[in-house]
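Notes for the structure review
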Amino acid sequence: QAAMAIDDAEQFSQNLEKIRELEVLYDISKQVSSMERFEEVCRFVFQKVKTIMPVEFALWYEWSEKSNQLVLSLCLGCEDVKRNLTASFTKEEISDPVKVNLELKKVLKTEKEFLRYMDSVVSLPIIAEKSIHGVLSVGNRRKMRLSGEQIRLLSIIISQLASVFERQKSLLNVTRLV
């Protein structure tokens, strides 16, 4: 009976964790639709993600079509990082999360702030409607790796960020037409 009680308690704990994750996904989808500035969206999403994952910092790299580079655009939880971090990619390379992750780790290793935390850093591309918008890198200072399930959840959240990009792009195009 004791073993069953422990199993039940573990299952209950896992169910509570899933409920928290769903609440965060719901909050993000509900709130970001009314936000206008991408930086505001990123800050909100970062705060929400920190409640369900061991994430202490986030870096958003914006994709530059002209130079085929990712350019560091926003740092959250690590504001003292150099702002001139860049990484050169082709569109095909940036679509490959494994390649992006490896290449951005090389770039981050040049920054003392991140050298000790490389094992915890995960980078995922922000892609919508076959357009590359950038890459989001997250990590923590406790050297805790994200689980495969957490990375999948982060991918879902990033797809919501990509939809914000598309909405902003559409609004910009409509404004230009008017």
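Residues numbered from 1 in each chain as written. Predicted model: local features only at pLDDT ≥ 70, side-chain atom pairs only at ≥ 80, totals over all residues. Heavy atoms only, no water.

1. Points about the sheet that holds strand β4 (residues 122-128)
So the rule is basically this: In this analysis, strands are considered paired if DSSP registers two or more bridges between them. Here a strand is any run of E in DSSP of at least two residues, a helix any run of H or I of at least four, and the numbering for each starts at the N terminus. Axes here refer to lines fitted to C-alpha atoms; in helices the fit is confined to the stretch in contact. Angles between the N-to-C directions go from 0 to 180 degrees. Note on definitions: a residue-residue contact is assigned when non-hydrogen atoms from the two residues lie within 4.5 Å.
The five strands lie next to each other as β3-β2-β1-β5-β4, forming an open sheet whose pairing is antiparallel. In this open sheet, the two edge strands, each paired with only one partner strand, are β3 (86-88) and β4. On average, each strand axis in the sheet is tilted by 25° relative to the strand beside it, whichever way the strands run. One ladder, built from six bridges, connects strand β1 (residues 57-64) with strand β5 (residues 131-139); its direction is antiparallel. Looking at β5, one finds that Phe 57 is bridged to Gly 139. Contacting β1 and β2 (69-76), helix α2 (residues 38-50) crosses the sheet at an angle of about 60° to β2. Contacts from helix α4 (residues 97-108) reach β1, β2, β3, β4 and β5, with the element oriented near 125° to β4.

2. Focus on the nonpolar core
Quick note on the threshold: Definition used in this section: a nonpolar core is a set of buried Ala, Val, Leu, Ile, Met, Phe, Trp, Tyr and Cys residues joined via side-chain atoms within 4.5 Å. The cut-offs for exposure are 20% and 50% of the maximum accessible area for each residue type, with area from a 1.4 Å probe on protein chains only; residues under the lower value are buried, those over the upper are exposed, and the others partly exposed.
One finds Val 45, Met 53, Leu 136 and Leu 154 to be the most contacted residues of the largest nonpolar core, which totals 34 residues. Of all elements in the fold, only α1 (2-32), α2, β1, β2, β4, β5 and α6 (148-177) reach the threshold of two or more residues within this core. Sort the elements by how many residues they give to this core and α6 lands first, with eight residues. In contact with Val 45, other than residues within four places in its own chain, are Ile 28, Val 32, Ile 157 and Leu 161. With 22 residues, the next largest nonpolar core counts Leu 59, Phe 89, Ile 94 and Leu 108 among its residues.

3. With respect to the pairing of β1
Burial within β1 is extensive, with seven of its eight residues counted as buried. Note that β1 and β2 share seven bridges and pair antiparallel. Each bridged residue has a counterpart across the sheet, and for Trp 60 the counterpart in β2 is Leu 74. Two successive antiparallel strands, β1 and β2, enclose a turn made up of four residues, where Asn 68 displays a positive phi of approximately 50°.

4. Description of the side chain of Lys 105
Tracing the chain through its elements places Lys 105 in helix α4. Residues in contact with Lys 105, not counting those within four places in the same chain, are Met 118, Asp 119 and Val 121.

5. Remarks on the pattern of salt bridges
Rules: The term salt bridge refers to a side-chain nitrogen of Lys or Arg lying within 4 Å of a carboxyl oxygen of Asp or Glu.
In the structure shown here, the tally under the stated rule is seven salt bridges. Between Glu 149 and Lys 18 there is a salt bridge; the shortest N-O distance is 1.7 Å. Of this pair, Glu 149 sits in helix α6 while Lys 18 sits in helix α1, placing them 131 residues apart in sequence. By relative accessible area, Glu 149 is classed as partly exposed at 40%. Lys 18 sits in the partly exposed class, given a relative accessible area of 34%. The salt bridge partner of Asp 27 is Lys 48, with a shortest N-O separation of 2.9 Å. Taken together, the residues span a long stretch of sequence, with Asp 27 in helix α1 and Lys 48 in helix α2 at a distance of 21 residues. By relative accessible area, which is 24% here, Asp 27 ends up partly exposed. With relative accessibility at 22%, the residue Lys 48 sits in the partly exposed group. Bridged by salt links that share partners, the residues Lys 18, Glu 21 and Glu 149 form one connected network.

So, to be careful, I would describe these as geometric facts and stop short of saying anything about function.
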